[in-house]
Amino acid sequence: MTAPERHLAALGGGAPAGGATTDAAALLTELLDPVFAAEAGWDPERRVLSVPAGHPLLGWRPCRVVGCNTIAYPATGICRGCTKRHRASGLSEQAFVAAGKHWRTVGVSGCAVAGCARAWRTSRDPLCPAHAYQRRKRLPLPLPQFLAHPQVRPLPSLGPCRVASCWREQASGVRPYCQAHCQALRMARSRDPGLDEPRWRRLAPAVTERGKVSLRGLPPLVSAQVLYGLQQRCRAGVSTPVCAVRGLCDRLRAEQVASIEQASTITGAWLEPFWRKLVGYVTAAGLDPDTERAKDEWNMAAFGLTGHLRFTAISQRWLREAAKRWVIHDLPQRRGDQIVGVVQSHIDSLVAVSRSLAAGRRHDRGADPAALGRGDIEAFLNRLAHLQRRGTLSASRRIVHVRNVGKILTRLRGLGFTRPGAAMAGLAEDFTIRPEDLPRPPEPPEPGRDLPTEVMRALCEHLGRLEERSAREFRVATELLIDTGRRPDEICELAWDCLGHDSDDQPVLIYDNWKRQRQGRRLPISASTATLIAEQKTTVRARFPRTALTALKLLPATVSNPEGTRAISDSGLGGRHRRWVDELPPLLLTDGGEFDKARVVLYAYRHTYAQRHADAGVPVDVLRELLDHKAMDVTKRYYRVGEKRRREAVDTLTALQFDRHGNRIWHHAKALLDSEHTRRVIGQVAVPFGICAEPSNVAAGGHACPYRFRCVGCDHFRTDVSYLPDLHAHLDDLLRTRERLHAATDVEDWVRADATPSDAEITRTRRLISRVTHELDQLTNDQRTQTEQAIAVLRGHRSTLLGMPHVGPPVPNLAPERTA
Ligand code: SF4
Ligand SMILES: [Zn+2]
Ligand SMILES: [Zn+2]
Ligand SMILES: [Zn+2]
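Keep in mind that what you see is a predicted model, and the values were worked out from it rather than measured. (Residues numbered from 1 in each chain as written. Chains lettered and ligands numbered in written order. Predicted model: local features only at pLDDT ≥ 70, side-chain atom pairs only at ≥ 80, totals over all residues. Heavy atoms only, no water.)

1. Some details on the overall build of the protein chain
In terms of regular secondary structure, the protein chain is built from 33 helices and 14 strands. For the protein chain, with 820 residues in total, the buried portion stands at 44%. Summing over all exposed atoms, the protein chain offers an accessible surface of approximately 42300 Å²; the carbon and sulfur share of this is 53%. (Helix = DSSP H or I, 4+ residues; strand = E, 2+ residues; numbered from the N terminus. Buried < 20%, exposed > 50% of the residue type's maximum accessible area, 1.4 Å probe, protein only. Areas by Shrake-Rupley, 256 points an atom, 1.4 Å probe, with all protein chains shown as cover.)

2. A short note on the coordination of the zinc ion (ligand 2)
For the zinc ion (ligand 2), the full set of protein donor atoms is Cys 63 (SG), Cys 68 (SG), Cys 79 (SG) and Cys 82 (SG), and the range of their distances to it is 2.2 to 2.4 Å. In this structure, the zinc ion (ligand 2) is coordinated by four donor atoms arranged in tetrahedral fashion, with angles at the metal of 97 to 118 degrees. (Donors = N, O, S within 2.8 Å, 3.2 Å for Na, K, Ca; no water. Tetrahedral: all angles 85-135°; square planar, octahedral: opposite > 155°, others 65-115°.)

3. Describing the nonpolar core
With 44 residues, the main nonpolar core has Leu 451, Leu 459, Val 600 and Tyr 605 as its most contacted residues. Among all residues touching Leu 451, those that are not within four sequence positions of it are Met 456, Leu 459, Phe 595, Arg 599, Val 600, Ala 604, Tyr 605 and Thr 608. Leu 49, Trp 60, Val 222 and Val 257 belong to the second-largest nonpolar core, a separate cluster that totals 42 residues. (Core = buried A, V, L, I, M, F, W, Y, C linked by side-chain atoms within 4.5 Å. Contact = heavy atoms within 4.5 Å.)

4. Thoughts on the site of ligand 1
Looking at ligand 1, the residues that line it are Val 687, Cys 692, Glu 694, Asn 697, Cys 705, Tyr 707, Phe 709, Arg 710, Cys 711, Cys 714, His 716 and Phe 717. When its residues are assigned to classes, the shell around ligand 1 shows eight nonpolar, two polar and two charged. (Near = heavy atom within 4 Å. Nonpolar A, V, L, I, M, F, W, Y, C, P; charged D, E, K, R; others polar.)

5. Re the sheet that holds strand E3 (residues 212–214)
Pairing within the open sheet is antiparallel, and its three strands lie in the order E1-E2-E3. Both outer strands of the open sheet, strand E1 (42–43) and E3, are each paired with one neighbouring strand and no more. (Pairing = 2+ DSSP bridges.)

6. Focus: unusual backbone geometry
Look at Arg 47: it is not a glycine, yet its phi comes out positive at around 60 degrees. Its place among the elements puts Arg 47 in the loop between E1 and strand E2 (48–50). Residue Arg 708 is not a glycine yet carries a positive backbone phi of 55 degrees. Looking at where Arg 708 falls in the secondary structure, it is placed in the loop between helix H29 (695–699) and strand E14 (717–720). Classification of Arg 708 by relative accessible area gives exposed; the value is 56%.

7. Points about the environment of Ala 224
Checked against the element boundaries, Ala 224 lands in helix H10 (residues 220–235). For Ala 224, a relative accessible area of 9% translates into the label buried.

8. Here's the deal with the packing of helix H20 (residues 472–484) against helix H22 (residues 527–543)
Packed helices, taken two at a time, are described by their axes: the angle between them and the distance between them. At a minimum axis separation of 11 Å, H20 and H22 run at an interaxial angle of 155 degrees. As far as their axial angle goes, H22 and H20 are roughly antiparallel. Helix-helix and strand crossings are classified by hand; for H20 and H22 the assignment is left-handed. Taking contact as the criterion, the partners of Arg 472, Glu 473, Arg 475, Val 476, Glu 479, Leu 480, Asp 483 and Thr 484 in H20 are, on H22, Thr 529, Leu 532, Ile 533, Glu 535, Gln 536, Thr 539 and Arg 543. Class assignment of the residues belonging to the contact of H20 with H22 gives a composition of four nonpolar, four polar and seven charged. (Axes fitted to C-alpha atoms, helices over the stretch in contact; angles between N-to-C directions. Parallel < 35°, antiparallel > 145°, perpendicular 65-115°, else oblique. Left-handed = near helix turned anticlockwise from the far one by under 90°.)

9. Brief notes about the packing of helix H14 (residues 317–330) against helix H17 (residues 395–414)
At a minimum axis separation of 10 Å, H14 and H17 run at an interaxial angle of 85 degrees. As judged from the angle between their axes, H14 and H17 are roughly perpendicular. Taken together, the residues of H17 that come into contact with H14 (itself represented by Ala 322, Arg 325, Trp 326 and His 329) are Ile 408, Arg 411 and Leu 412. In terms of residue class, the contact of H14 with H17 is made up of four nonpolar, one polar and two charged.

10. With respect to the coordination of the zinc ion (ligand 3)
Looking at the metal site, the zinc ion (ligand 3) is ligated by Cys 111 (SG), Cys 116 (SG), Cys 128 (SG) and His 131 (ND1), spaced 2.1 to 2.3 Å from it. Metal-centred angles of 93 to 119 degrees between the four donor atoms at the zinc ion (ligand 3) mark the site as tetrahedral. Sequence positions of the donors to the zinc ion (ligand 3) reduce to the motif C-x4-C-x11-C-x2-H. Of the two residues, Cys 116 sits in the loop between helix H5 (93–99) and helix H6 (129–137) while Cys 128 sits in the loop between H5 and H6, which places them 12 residues apart along the sequence. As far as burial versus exposure is concerned, Cys 116 and Cys 128 are alike and both buried.

11. Topic: the pattern of salt bridges
For the coordinates displayed, the defined rule picks out 33 salt bridges. Notably, a salt bridge pairs Asp 296 with Lys 324, separated by 2.9 Å at the nearest N-O pair. Taken together, the positions of Asp 296 in the loop between helix H13 (289–293) and strand E4 (297–299) and Lys 324 in helix H14 put the pair 28 residues apart, joining distant regions of the chain. Accessibility expressed as a relative area gives 27% for Asp 296, which makes it partly exposed. Given the relative accessible area of 5%, Lys 324 is considered buried. The partner of Glu 321 in a salt bridge is Lys 324, and the shortest N-O contact between them spans 3.6 Å. Of this pair, Glu 321 and Lys 324 both sit in helix H14, separated by three residues, roughly a single helical turn. Judged by its relative accessible area of 30%, Glu 321 falls in the partly exposed class. Three or more residues joined by partner-sharing salt bridges are found here, namely Asp 296, Arg 320, Glu 321 and Lys 324. (Salt bridge = Lys/Arg side-chain N within 4 Å of Asp/Glu carboxyl O.)

12. Some words on the pairing of strand E7 (residues 507–513)
Here E7 lies mainly inside the structure; five of its seven residues are buried. As paired strands, strand E6 (residues 499–501) and E7 are joined by three bridges and run antiparallel to one another. Following the sheet pairing, Gly 500 is matched in E7 by Val 508. As paired elements, E7 and strand E8 (residues 518–524) share five bridges and run antiparallel to each other. Counted as the bridge partner of Ile 510 is Arg 522 from E8.

13. Looking at the confidence of the model for the protein chain
Low pLDDT marks regions whose predicted coordinates should not be analysed in detail. Taken residue by residue, the protein chain gives an average pLDDT of 81. The fraction at 70 or more is 84%. Between the elements of the protein chain, mean pLDDT differs from a low of 39, seen in helix H1 (residues 3–11), to a high of 95, seen in helix H9 (residues 197–203). Long-range and interchain partners of residues 1–17, a stretch whose pLDDT sits below 50, account for 27 contacts in this model, where long-range means more than four residues apart. The model gives residues 667–679 a pLDDT under 50, and that stretch makes 14 contacts with residues more than four places away or in other chains. (pLDDT = per-residue confidence, 0-100.)

14. Quick look at the side chain of Arg 118
On the secondary structure map, Arg 118 appears in the loop between H5 and H6. The charged side chain of Arg 118 is buried without a salt bridge, its nearest counter-charge being Glu 169 at 7.7 Å. When near neighbours in sequence (up to four residues on either side) are disregarded, Arg 118 contacts Gly 110, Cys 111, Cys 128, Ala 130, Leu 155, Pro 156, Ser 157 and Leu 158. (Lys, Arg positive; Asp, Glu negative; His and termini not counted.)

15. Here's the deal with helix H11 (residues 242–255)
For an α-helix the count is 3.6 residues per turn, leaving residues at separations of three or four pointing the same way. Counted at 1.5 Å a residue, the expected span for H11 with its 14 residues is 20 Å, and the 20 Å between its end C-alpha atoms agrees. Along H11, the residues that are buried comprise Val 242, Ala 244, Val 245, Arg 246, Leu 248, Cys 249, Leu 252 and Arg 253. Buried residues along H11 sit against H9, E3, H10 and helix H12 (271–284). Gln 256 sits one or two residues past H11 and shows a positive phi near 55 degrees. (Expected span 1.5 Å × (residues − 1).)

16. Brief notes about the sheet that holds E6
One open sheet accounts for three strands, arranged E6-E7-E8; its pairing is antiparallel. Each edge of the open sheet carries a strand with a single partner, namely E6 and E8. Across the sheet, the axes of successive neighbouring strands diverge by a mean angle of 40 degrees, strand direction being ignored.

17. Describing the packing of aromatic side chains
This model, assessed by the stated rule, comprises six aromatic pairs. Judged by centre distance (5.4 Å) and plane angle (85 degrees), the rings of Tyr 177 and Trp 200 are edge-to-face. Note that Tyr 177 is positioned in the loop between helix H7 (143–148) and helix H8 (179–191) and Trp 200 in helix H9, a separation of 23 residues in sequence. Of the residues examined, Tyr 177 reaches a relative accessible area of 0% and is grouped as buried. (Phe/Tyr/Trp six-rings, centres within 6.5 Å; stacked < 30°, edge-to-face > 60°.)

As structure tokens, then:
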């Protein structure tokens, strides 16, 4: 079935015979809102649109030049003709506009003779040709006297111009055309002496008149399609210049199409997408979710989306129905401009199940859900593994398939789809994905997706160029992505009123986490980010002064957005961001190397934000809050302290490592060998204010110290400058405990003596702190900066080590059996 046939079948059913065409045209006409038609200036009798200047989406501005009433270019407010004449005049724009129009006006009006039904010849000689002839040959009087002369009588119309598109009257009895078409015919003849005049009449475009579009000469279905498409486009808030509608109608007429989809010569950067959009609207007319559900290929226009969902590749009927049911359940919960693609990718995962069942040993190829069980799921998992080994399926796609199938099956069970009588009735409980079925995800490559500082600096320096090349909104969006680390869709969709303040009057960004459906999240932001948002709010309000503030977006789309209620899309932002980055000079690293621009993507700013905070020592649980993750594991994927960065930090701090006496262990700083790094990881364990190399404690994960964590008196203990804050905290804790126990009256003396920290421990700790501090003071400024950075890196990473004893009193050994 061709597109028009499908369309006609969808609208009226049946083949595109004359009857179906009439039905389709009638249906579209029925769907045409009379209010829209009236506002757009549709005259169904004349079949002409006379769009008024004030129409919010189709309207136009008259030229500013005094006396000119032609449609102006929106940017300058001056029409095309006046722009040309202005350039030639040498006058300033102001002087030219004030000088006024002094040339012929395009357009026609009635003959100046009262009651004459014919059109004037020109604005300077406003008489019909017959009356002009009378005046020239018989009554050569000034116009007012001529009009008042008793022999001058009104004349009847000669009938309409015979050009199909034209709504004007015939000009004279000599040729059956209006004056403009008489002239157009002469020109066409001079180009083609053998011109087929009847054909020319059918195809010639209408005369261009301000705000007017002729739908004459188009079949009823095509004109109904144009009007309906235009209505839907306006409903979507998209503006359309009148010249585009006129251009489209002329092309459709020139092609003599029976239906808008049949056009084949519509090209042009503007006209073609416009035509395609109208075809989309028309194809979607009459669709609704209920009609689509019954099909195996859904036109998502029925759900207010674009594109199609295809279930045809799922061969088992029960699975196909289950997939549809899942989509119906899932669609309302999704947002963004990639919904159809994401949902189709889930359907594709079920297609993988379907293919596995069809290729299996079952004679019914998986048609009976009641016969399926764990073995079929295992066959599916093995098939995916096989496809990955053969190289026809990527490792990540394999994981996605398994995860999607697990999610969908669980959801469908929850929806009662396995109950008796339902499509999945009888499906065994073990036909499911277990946690252990999920293939291990490949380790993300190092270094992470964050951008180096020097690259970030270069990008920030060139942000102005992003605004020049696109629009202010895209520059502000990128700055907000950098500053706040939100996901691109979270930034694009920010409400106008997204700036709030916490109880301590610090600024917060209020945003919606669309991915996890958590709304109204509050993120602490810096004062400079708050200023950026406040400025953007002011700009947007000035652009859309009448829109209700609750509906306004902080980053409104730059086109087709008359009310400011539609935000820029993350795909649009991504495209402009890509072009901007590609046009930048090479991004150089401090070692002179060049950074790959392909890695500068919108999401990299989120990773950079996470890394920036991790390096500043923000603990992983706080970072989880900042990134609005539910699971710590997800945060850790962002929070990877790059292996290279950590090694550099370890190497730096190795030179500042001390034993329990405060003696430097490594006097000569040098990079550790790879094996030494590994040994350090497996041969030691973190203890409250340093590291312990005591074998039994290491084996017990730091929970089995044979000496009750008196580390400052133990030869297995080492510390470095990064633990200085912890050493201070420990000393404070010892002193506080001693004071408290001195004052305690509710314990016996031996308890007090045993529990009180010894003077030796306090002295040792004090001495260790002073030795470490002294060594730190010996560093040059450069060494100190380097050391501080290394401390930040290691402290940030350290807080991700789960199972580490807390800083404070020794952690009791809760697992006494794990002694070695
Ligand atoms: S006292 Fe500290 S360093 Fe010594 S074994 Fe115990 S935990 Fe390790
Ligand atoms: Zn003008
Ligand atoms: Zn006349
Ligand atoms: Zn005409």
